[in-house]
Amino acid sequence: MTPIRYKIITTLSAILLFHPLSPSLGQVNPSSDGKNTSAERRCDGVGQNNPDDIETLAGLYDQWTTRGEFLPAIMFVSDYLAKKGKEATDDMLLISYANLGQWYLAADSVEKAKYWLDRSVRLMEVMPQNLENVYYRTAVSRVYNSLGVYSVNIDMDYHKGISYFLKGFEIAEEYGDRSRYTTLGCNLVVTYFLRNDPSGLQYALQIYDYGKKAQDRYVTFCGAYVTSIMYYITPDYPEALRYAEEAVSLMDKFYDEAGVYNMYANILLGNDLEQKAEEYYTKALEMVPHSSSTTTAYIYLSYGEFLMGKKEYLRAADVFLQGVAVSRDNSNIVFKYRLYKNLSDAYRSMGDPSKALDYYVLFHAGADSVFNIERERSISELMVRYEAEKKGREIEQGKLKLEREHRRFQTIVFILCIIVVILGAIYVLYRHKNRLYIQLLRKHQESLGNEQMLKRKLEKMVQEYDSKGKAPAPFPPAVGGTENRSEEIYARLDELMKTEHSYRQRDLTVEKVAKMIGTNRTYLSKAINEKTALSFNYYINSYRIQEAVWLLSDPGNDIPLKTLSYELGFHSLSTFYKLFNDVVGMPPSKFREKAVAGQAESTDKP
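All of these numbers come straight from a predicted model, not from anything done at the bench.

### Description of helix H8 (residues 178-194)
Then comes step 1: The end-to-end C-alpha separation of H8 is 24 Å, in line with the 24 Å expected for 17 residues at 1.5 Å each.
Then comes step 2: In terms of residue burial, H8 counts as a mostly covered element, since 16 of its 17 residues are buried.
Then comes step 3: Asn 196 sits one or two positions beyond H8 and adopts a positive phi of about 55°.

### Looking at the pattern of salt bridges
Then comes step 1: Considering all chains together, one arrives at 27 salt bridges under this definition.
Then comes step 2: For Arg 408, the salt bridge goes to Glu 405, with nearest N and O atoms at 2.7 Å. Of this pair, Arg 408 and Glu 405 are both found in helix H19 (residues 397-467), three residues apart, which corresponds to roughly one turn of the helix.
Then comes step 3: By relative accessible area, Glu 405 is classed as partly exposed at 42%.
Then comes step 4: Put simply, Asp 494 and Lys 498 hold a salt bridge, and the shortest N to O gap is 3.0 Å. Of the two residues, Asp 494 and Lys 498 are both situated in helix H20 (residues 482-500); the distance of four residues between them amounts to about one turn of the helix.
Then comes step 5: A relative accessible area of 17% means that Asp 494 is categorised as buried.
Then comes step 6: Connected through salt bridges with shared partners, the residues Glu 278, Lys 310, Glu 312 and Arg 315 form a single ionic network.

### Concerning the side chain of Thr 296
Then comes step 1: Secondary-structure assignment places Thr 296 in helix H14 (residues 293-309).
Then comes step 2: Engagement of the side chain of Thr 296 in a polar contact is seen with the backbone oxygen of Ser 292, the distance being 2.8 Å.
Then comes step 3: Residues in contact with Thr 296, not counting those within four places in the same chain, are Val 288, Ser 291 and Val 326.

### Digging into a nonpolar patch on the surface
Then comes step 1: A surface patch of nonpolar side chains, about 840 Å² in accessible area, is lined by Ile 412, Phe 414, Ile 415, Leu 416, Ile 418, Ile 419, Ile 422, Leu 423 and Ile 426.
Then comes step 2: Summarising the element assignment, Ile 418 is placed in helix H19.

### Considering unusual backbone geometry
Excluding glycine, a negative phi dihedral is what most residues carry, and trans is how most peptide bonds are arranged.
Then comes step 1: Omega for the peptide link from Thr 234 to Pro 235 comes to -5°, which places this bond in the cis form.
Then comes step 2: With respect to the helices and strands, the residue Pro 235 is situated in the loop between helix H10 (217-233) and helix H11 (237-250).
Then comes step 3: In this structure, Asp 272 is a non-glycine residue whose phi angle is positive, near 65°.
Then comes step 4: A residue is classified by how much of its surface remains accessible, and Asp 272, at 69% relative accessible area, is exposed.

### Let's talk about the nonpolar core
Proteins that are soluble and globular tend to have nonpolar side chains buried together.
Then comes step 1: Ranked by size, the top nonpolar core spans 122 residues in total, and within it Tyr 61, Trp 103 and Met 230 carry the most contacts.
Then comes step 2: Setting aside chain neighbours within four positions, we find Trp 103 in contact with Tyr 61, Trp 64, Thr 65, Phe 70, Ala 73, Ile 74 and Val 77.
Then comes step 3: Met 497, Val 510, Phe 536 and Ile 540 belong to the second largest nonpolar core, which has 17 residues in total.

### Regarding the packing of H14 against helix H15 (residues 313-329)
Then comes step 1: Between H14 and H15, whose axes approach to 8 Å, the crossing angle comes to 165°. Relative to H15, the element H14 is oriented roughly antiparallel. As for the relative orientation of H14 and H15, their crossing is left-handed in sense. Contacts from Ser 293, Thr 296, Ala 297, Tyr 300, Leu 301, Tyr 303, Gly 304, Glu 305, Leu 307 and Met 308 in H14 reach Tyr 313, Arg 315, Ala 316, Val 319, Phe 320, Gln 322, Gly 323, Val 326 and Ser 327 in H15.
Then comes step 2: Residues belonging to the contact of H14 with H15 are distributed by class as follows: eleven nonpolar, six polar and two charged.

Rules used in this analysis
Residues numbered from 1 in each chain as written. Predicted model: local features only at pLDDT ≥ 70, side-chain atom pairs only at ≥ 80, totals over all residues. Heavy atoms only, no water. Helix = DSSP H or I, 4+ residues; strand = E, 2+ residues; numbered from the N terminus. Expected span 1.5 Å × (residues − 1). Buried < 20%, exposed > 50% of the residue type's maximum accessible area, 1.4 Å probe, protein only. Salt bridge = Lys/Arg side-chain N within 4 Å of Asp/Glu carboxyl O. Polar contact = N/O pair within 3.5 Å; in protein donor to acceptor, adjacent residues only side chain to side chain. Contact = heavy atoms within 4.5 Å. Patch = residues over 30% accessible without salt bridge, like charges linked within 9 Å, V, L, I, M, F, W, Y side chains within 5 Å. Areas by Shrake-Rupley, 256 points an atom, 1.4 Å probe, with all protein chains shown as cover. Core = buried A, V, L, I, M, F, W, Y, C linked by side-chain atoms within 4.5 Å. Axes fitted to C-alpha atoms, helices over the stretch in contact; angles between N-to-C directions. Parallel < 35°, antiparallel > 145°, perpendicular 65-115°, else oblique. Left-handed = near helix turned anticlockwise from the far one by under 90°. Nonpolar A, V, L, I, M, F, W, Y, C, P; charged D, E, K, R; others polar.

This is the structure:
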């Protein structure tokens, strides 16, 4: 990542921030010749010559943070700890650990960042909590902010992120620390954005008003930006656009231009300003090489969704894949699950269901980890506690505990009621479906009974003709004309199916059947279509399914379904299952089960 002043680690388009300790937030300017100012040079020299001077060393750390010079800072502190670590005070160690964790996180070296942040926490646990000490207080706030960034960006644990941000936010608010109050407040709002929760708007407006009253350009920029993203998810696109335009007007090279441009493009698109939105998406993409992994992933996500709206699915899929690669390479999962969801939609739109399913499975796994019910409830409880403390901590701890238990009990009762309703609905649907199955089975059995009765009558008529010496001609000659010819061909085909059961042949083709009845495939297909409106294959399969229904309706027939499928002429059991289900309305195994049950029920009746 490129060194810039006021280095910003982003979550979406602008702000999970790291600020220096300087109280003049937003007032630091680069020197005209690009070199260190005299104050910076003095700080560098004194800090390296007098490492036991906590004031000077803290100032040196701030200068490195301001300039975004993380590598020399990490090298210096590592060397300092190796040489002077045993002689350093706890305050010196804490600010060193906290800054190392922050710098490694800013450089996307997440494992080393976590190591130093954990060491900071362990040291804080054994040190006296002296928040009156500005260096201790600043280090603690920095640790909470970095842990919050890590929890959101790396672990995607919004509960922990909000918890850390609120701890630091309360300290900054209590001691009037404007710098960290702004930083932690903005991070808090951004985390609400990631949860798609507009209730963070109150904090955003609070920061914006604070910047206006203090006439602080940077704080006003931060407030305008986070307010715009809150209105964006409300959604109130005109208000979002008003604040976004103010943020863009206040932005300069010290800030995360790529992230701001990307969010501005999203808001423009929400206001149906597509052409201008594309212009700012392009600006954001041009700055990707100088952006953090989270900002880059969100830019790819936003631009890909823009292309999806234009139905440019192939380009969109390529953009989403770039976002996934960035997220994977930097162990950043903030937007990965949403990238997977959009990839699934893109491939489905392109007619590739296999890839669409693969990415949907990945999306579903990621979404489950994000929207964990227990975590969401913990966040709600945390917010209730924070709001209560902010208004004066007037409610005693015992009452708070009782209230939380009561809410938990209500939630459990509500969930149980929902479960009972759902189970009842499932039972009713099952009973209804079961009745439909039985009705369907009875209709098929009645149909088969009628068919058998007609068959017996036909056999009786044939016997009567035979006894009189007058056997009817099975195929009367055609009297001429296409219609009579189709009648004759269909009559011969029908007789062939009913008497010889030719449909049972596995290799049966239209040519073979045509040859059997003395015609060609064209006349045969035409006759079938005119008489039944079916194709040859559907006509043959209708006889097969009809016989299958007849056999499966007999409770005493226990022929295996695979054998039945083979004997009826089907090439595979799956084809038999599908056709049977399409025609009858239930699988053959279910049909047999209902037939046996129906027979048992009728037997049990007096």
